[in-house]
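# What the coordinates show
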Amino acid sequence: MAKTKLNHEVISMTGFGRADLRCAGVSIHVEIKSVNNRYQDLNLRLPREYSSSEPAVRERLASLTGRGRLDLQVSRELGTRNSALEIDQDRIIKIYKSYALLANRLKVSIDSTQALLAAVKRSENCSTESVAGVSQAEERALLRCVDLAIGDLMKARGREGAQ
């Protein structure tokens, strides 16, 4: 078994760490597995919502050790706060009124139901939750969860190295 000396303490290259956090109705779960490898080999599996956070996560893992294979997996689960999608009703109403005003100016009839559906479909960010990305608070929670999992991994590697 390969071992690395860090801060006068022998630690193993092999270990496992995990952490869980909740942020604004979202559960974040991080698992890290490390094994001996001649080179540094980082493998990250993140949900697409966290793709912009990948460089920060990669940097945290890379600073962990100079070599070894590290597999990190992140899962993200939306809570069941309200199973129905929350929409920004005021924004939908403004878009609908714009459709109605345009129809009046063009002297064309407007089907209320179709106009309302079009307003919902065409509105951007009608959801009160960000669909395209995550909040800054959630991104901070992700990085904190990664740090906690790294801490758990380092404890496991320390225990393994002490044997």
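In case you missed it, the structure is sitting above this.
A brief look at the structure comes next. Keep in mind it's a predicted model, so treat the numbers as computed, not measured. Within each chain, residue numbers correspond to sequence positions counted from 1 in written order. Confidence filtering applies because this is a predicted model: local features only for residues at pLDDT of at least 70, side-chain atom pairs given and counted only at 80 or more, and all residues used for totals across whole chains, interfaces and linings. Hydrogens and waters are ignored; side-chain quantities use all the structure's heavy atoms.

Tracing the backbone through its elements, the reader meets S34 in strand β4 (residues 26-35). Here a polar contact is recorded for every N or O atom pair within 3.5 Å, except that within protein the pair must consist of a potential hydrogen donor and a potential acceptor, and residues adjacent in sequence are included only if both atoms are side-chain atoms. There is a polar contact of 2.8 Å between the side chain of S34 and the backbone oxygen of M13. In this structure, S34 is in contact with M13, T14, G15, R69, L70, L153 and R157, ignoring residues within four places of it in sequence. To qualify as a helix, a DSSP run of H or I must reach at least 4 residues; to qualify as a strand, a run of E must reach at least 2; elements of each kind are numbered from the N terminus. Only heavy atoms enter the contact rule, under which two residues are in contact if any of them lie within 4.5 Å.

Strand pairing is assigned whenever DSSP identifies at least 2 bridges connecting the two strands. Pairing of strand β3 (residues 15-23) with β4 involves 9 bridges; the strand directions are antiparallel. Pairing of R18 across the sheet is with E31, part of β4. From the end of β3 to the start of β4, which pair antiparallel, there are 2 residues, and A24 there has a positive phi angle of about 50 degrees. The pairing of β4 with strand β6 (residues 68-78) spans 10 bridges and is classified as antiparallel. Residue pairing across strands places K33 opposite D71, the latter belonging to β6.

The next subject is the sheet that holds strand β5 (residues 40-45). Strand order in the open sheet formed by 4 strands is β3-β4-β6-β5, with mixed pairing between adjacent strands. Edge positions in the sheet fall to β3 and β5, since each has one partner strand and no second. Sheet twist, expressed as the average angle between the axes of neighbouring strands with direction ignored, equals 10 degrees. Against the sheet, helix α1 (residues 54-62) makes contact with β4, β5 and β6, and its axis sits at roughly 145 degrees relative to β5, the strand it touches most. The axes used here are C-alpha line fits, helices contributing only the stretch in contact, and every angle between their N-to-C directions lies in the interval 0 to 180 degrees. Helix α4 (residues 136-162) contacts β3, β4 and β6 of the sheet and is inclined by roughly 155 degrees relative to β3.

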